[in-house]
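What follows is each chain in one-letter form.
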Amino acid sequence: MKISVRLQSILSKGHFDSADIFAPRGYTTGQLIDLLGIGRDRVGIIVVNRADATFEQALAEGDNLTLYPPLGGG
Amino acid sequence: MPFGYNGKILHVDLGTGSWRVDTPPEDWYRRYMGGSNFASYFLLNEVTPETDPLGPDNPLILAGSVVTGAPLSGYSRYTAAARSPLTGAFGESEAGGYWGPELKFAGFDAVVIRGRSPRPVYLWINDGDVEIRDAAAHWGKDNWQAQEGIKAELGRKKAKVLSIGPAGENLVLTANIMNNLEHANGRCGLGAVMGSKNLKAVAVEGSAKPEYADPDKVREIARWHNARIKAHPPNIILRNQGTSYLVRALNDAGMLPTKNFKHGVFSGFEGITWDAYEKIFHSSHTCYACTVRCKRRVEAGGPYPLNKNWGGPEFEAIGAMGSLTCVNNIAAVARANQLCNLLGLDVIAAGCAVAFAMECFENAVLTKADFDGRDMHFGDAGGMLWLIEQIALRRGIGDTLALGVKTAAEIIGGGAEKYAFHIKGSELPLHDGRGKTGMALGYAVSSTGADHIETPHDVAFAGEGIAKLHPLGLLEPVEPTVTDAAKTRFFVTGQKAWGINNVLGLCNFASVPIGAMTFEKLVEAVRAITGWDTSLYEIALASERSMTLSRMFNVRMGFDAADDRLIRRWHQPMPEGPLKGKCITEQELAEALELYYGMMGWDEKGRPTRAKLIELGLDWLAGEAAR
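Residues numbered from 1 in each chain as written. Chains lettered and ligands numbered in written order. Predicted model: local features only at pLDDT ≥ 70, side-chain atom pairs only at ≥ 80, totals over all residues.

**Q** What should I look at first to understand the overall build of chain A in this one?
**A** On a plain count of helices and strands, chain A comes out with one helix and five strands. When the helices and strands of chain A are read in sequence order from the N terminus, they spell out β-β-α-β-β-β. Since a compact globule built from 74 residues should have a radius of gyration of about 11 Å, the 11 Å found for chain A is in line with a globular shape. In terms of overall dimensions, chain A has a C-alpha envelope of 35 × 25 × 20 Å along the principal axes. Buried residues in chain A amount to 38% of all 74 residues. At a minimum sequence separation of 6, the contacts of chain A that also span at least 24 residues come to 58%. (Helix = DSSP H or I, 4+ residues; strand = E, 2+ residues; numbered from the N terminus. Rg over C-alpha atoms; globule rule 2.2 N^0.38 Å. Buried ≥ 20, exposed ≤ 12 C-beta atoms within 10 Å, placed from the backbone. Contact = placed C-beta atoms within 7 Å.)

Here it is as structure tokens:
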């Protein structure tokens, strides 16, 4: 299935800003993050189709996935 | 009986040794809701420009909210407030832990403390009873000894005690108020206000939890929230690493304040990340009813001994006493943090003072003679620990640094002001405005001076933004490092979202938008707790009141738009790293401030207008407003 992935801020370093990723059906956001080699501990916020998501959320064909580093708070 | 709160405010006069209990009407509670707004209300009712922040007429307010103590993650925070002796402006600082809920269970929604006791005392509030007790045995003791001593004296192991250490007693203007040794009302020098009243501590214990309008609904939301916290990425990181995760994340992004705010990248960062922290990690801990568990306890022997009861450093402490001073040893940073907790010093201000002294030393503005014959180079952990103690005990150069970096620089002279970084006289939390320009705008306009808790952090603005802000109408993305009209629009609304947390006493790490909560569920929770048919609109209005009220306080104290400024280093290009070349120009800041004032209903000098005050139901202040 095709997932449009955008990596925000420092996450794009060494990877890409945006890309279409073809992942096995049934993949979760967490599995896709692992596949991309980003490291779950580098991810602060996961947004799927403009809604908050978790590492466990299953992805579907055509989903838009955006990942942010954890830069908020203090 | 109201739901969720007591309907009782305790007023104590330490000068006469008397107290009274007020019962404000429901409308008062609904208009102000809690925390920051309760504080502003009392301060604006009695503080004038002539009020000495360390005099008996400066009231100290300790306030929860209508929802504090509800059995939900992140509902534990309370506000401490007074006119700040550090800045002369509005002084407010929140702390989590267990004290805020316990005050509620002891029968009061807030305590207002006036006057000055002729001798050291502490307050004991127990199930509606109030006692002013002699504190001679506890005066001069550090926070750990004092809190344990007071609990033993009362025979109440479960009492919750907030106290000041030697720094507060010595009227150090950056002294904090600690509850346990893990939770601090850190900012604005409120510990010195307590010290000026001869008030060592406030102990509370209560057995009467308030009733909730719909207890089943409260429990249902708690279950939903806690399940979501388990799966929510920001909360997973907080549970695993505490706030220390920010060291690597901010350094990677080129915005970890380093070497007194000059750099955004710290070459020694690996010595203060979670990987290093794990070696001194003892256990994780939490605040009342909270499943986020971001608190750390530390333990170690060796050159930097650490006690598991004295708190582990959170990000602000690690940044202030790590990267800002170029100390790359987490055990030394943790030791400095524990010293601050014991002595009662704000970790942010302490780290900023040390970094200021180090830069003065490296530029020959201060010399070995100022430091009892020792060097004070960046990176000197031993020097930092020594200096922290000097400040708290007001010895030697510490007596000058105890006044905050702004006043210290004026006293030291010789160009020291070039290295003294503050906004409105308040030292800066550890976030670089060149990487978070919206947060920089927040630093500039905050009534308390630089403040990272009432301000949106810019990651929320990028890409698609945090989806949870959509209910506020924040739909379009804006770039983190850009300062323009779109960023200002985003900031104005975002500030109201963050402000909700300071009014209701909620923790950013559990609430909206960083934590697992959503606005929809937050409103449901307030409705279920209080029984009010409230809405996000009404709660956001209360949040806007808090910005306008604290601004009105500062207007009365003589502050205006000229005080809404940034540090000069953020107007200069970032020297290296991913943000190399980034800065906020003075022109960009001026344009953003003009827009911000307009959007807030303030005039060009940053003064709330009569129309805005009346719109917010603050007619009682309209006479003081700009036309």
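**Q** Help me out: how do you make sense of the interface of chain A and chain B in this one?
**A** Accessible area lost upon the coming together of the parts is a frequently used measure of interface size. In this assembly, 24 residues from chain A lie in contact with 32 residues from chain B. Secondary-structure elements contributing two or more residues to the side of chain A that touches chain B are strand 3 (45–48), strand 4 (51–53) and strand 5 (64–68) of chain A. Looking at the side of chain A that touches chain B, the element that brings in the most residues is strand 3 of chain A, giving three residues.

**Q** Looking at this structure, I do not really get the sheet that holds strand 4 (residues 78–83) of chain B. What am I missing?
**A** Hydrogen bonds along the backbone pair up the strands of a sheet, which may run parallel or antiparallel. All names here are of chain B. With respect to topology, six strands assemble into an open sheet ordered 2-1-6-3-4-5, the strand pairing being mixed. Looking at strand neighbours, the two that pair on one side only are strand 2 (18–22) and strand 5 (90–95), the edges of this open sheet. Direction aside, the axes of adjacent strands within the sheet are offset by 15 degrees on average. Note that strand 3 (residues 60–63) and strand 6 (residues 110–114) share four bridges and pair antiparallel. Paired with Ile61 across the two strands is Val112, which belongs to strand 6. (Pairing = 2+ DSSP bridges. Axes fitted to C-alpha atoms, helices over the stretch in contact; angles between N-to-C directions.)

**Q** Looking at this structure, I do not really get unusual backbone geometry. What am I missing?
**A** A negative phi angle is the norm for most residues apart from glycine, just as the trans form is the norm for most peptide bonds. Residues and elements named next belong to chain B. The peptide bond linking Val512 to Pro513 adopts the cis configuration, its omega dihedral lying at 0 degrees. Within the secondary structure, Pro513 sits in the loop between helix 18 (485–504) and helix 19 (519–530). Its identity is not glycine, yet Phe261 carries a phi of approximately 70 degrees, on the positive side. One can find Phe261 in the loop between helix 9 (245–252) and helix 10 (274–277). In this structure, Ala364 takes a positive phi of about 60 degrees despite not being glycine. Here Ala364 lies in the loop between helix 13 (347–362) and helix 14 (381–393).

**Q** Is there a simple way to explain the environment of B:Ser546 in this structure?
**A** Residue and element names in this part refer to chain B. Relative to the assigned elements, Ser546 resides in helix 20 (residues 536–556). The buried category is assigned to Ser546, around which 28 C-beta atoms lie within 10 Å. In this structure the C-alpha to C-alpha distance between Ser546 and Gly35, which are 511 residues apart in sequence, comes to 9.2 Å. Setting aside chain neighbours within four positions, we find Ser546 in contact with Ser36, Asn37, Ser40, Gly499, Asn502 and Val503.

**Q** Any chance you could explain the sheet that holds strand 4 of chain A here in plain terms?
**A** All names here are of chain A. Here we have five strands laid out as an open sheet, ordered 2-1-5-3-4, and mixed in their pairing. Only two strands of the sheet have a single neighbouring strand rather than two, namely strand 2 (18–22) and strand 4. This sheet shows a mean twist of 30 degrees between the axes of neighbouring strands, independent of strand direction. In the sheet, strand 1 (residues 2–7) pairs with strand 2 via five bridges, with the strands oriented antiparallel.

**Q** How should helix 14 of chain B be read in this particular structure?
**A** An α-helix turns once per 3.6 residues; consequently, residues spaced three or four apart project the same way. All names here are of chain B. Taking 1.5 Å as the rise per residue, helix 14 with 13 residues should run 18 Å; its terminal C-alpha atoms sit 19 Å apart, in good agreement. Restricting attention to buried positions, one finds in helix 14 the residues Ala381, Gly383, Met384, Leu387, Ile388, Gln390, Ile391 and Ala392. Against the buried residues of helix 14 lie helix 5 (166–169), helix 11 (315–323), helix 12 (330–343), helix 13 and helix 15 (397–401). (Expected span 1.5 Å × (residues − 1).)

**Q** I keep staring at the packing of helix 17 (residues 437–445) of chain B against helix 21 (residues 586–600) of chain B and nothing clicks. Help me out?
**A** Helix-helix packing is described using two parameters, namely the angle between the two axes and the distance between the axes. Residues and elements named next belong to chain B. With their axes 11 Å apart at the nearest point, helix 17 and helix 21 run at an angle of 70 degrees to one another. One element, helix 17, and the other, helix 21, form an angle in the roughly perpendicular class. Where helix 17 crosses over helix 21, the two elements pack in a sense that is right-handed. Where helix 17 abuts helix 21, its residues Leu441, Ala444 and Val445 lie against Leu589, Ala592, Leu593 and Tyr596. (Parallel < 35°, antiparallel > 145°, perpendicular 65-115°, else oblique. Left-handed = near helix turned anticlockwise from the far one by under 90°.)

The values are spatial; any link to function lies outside them.
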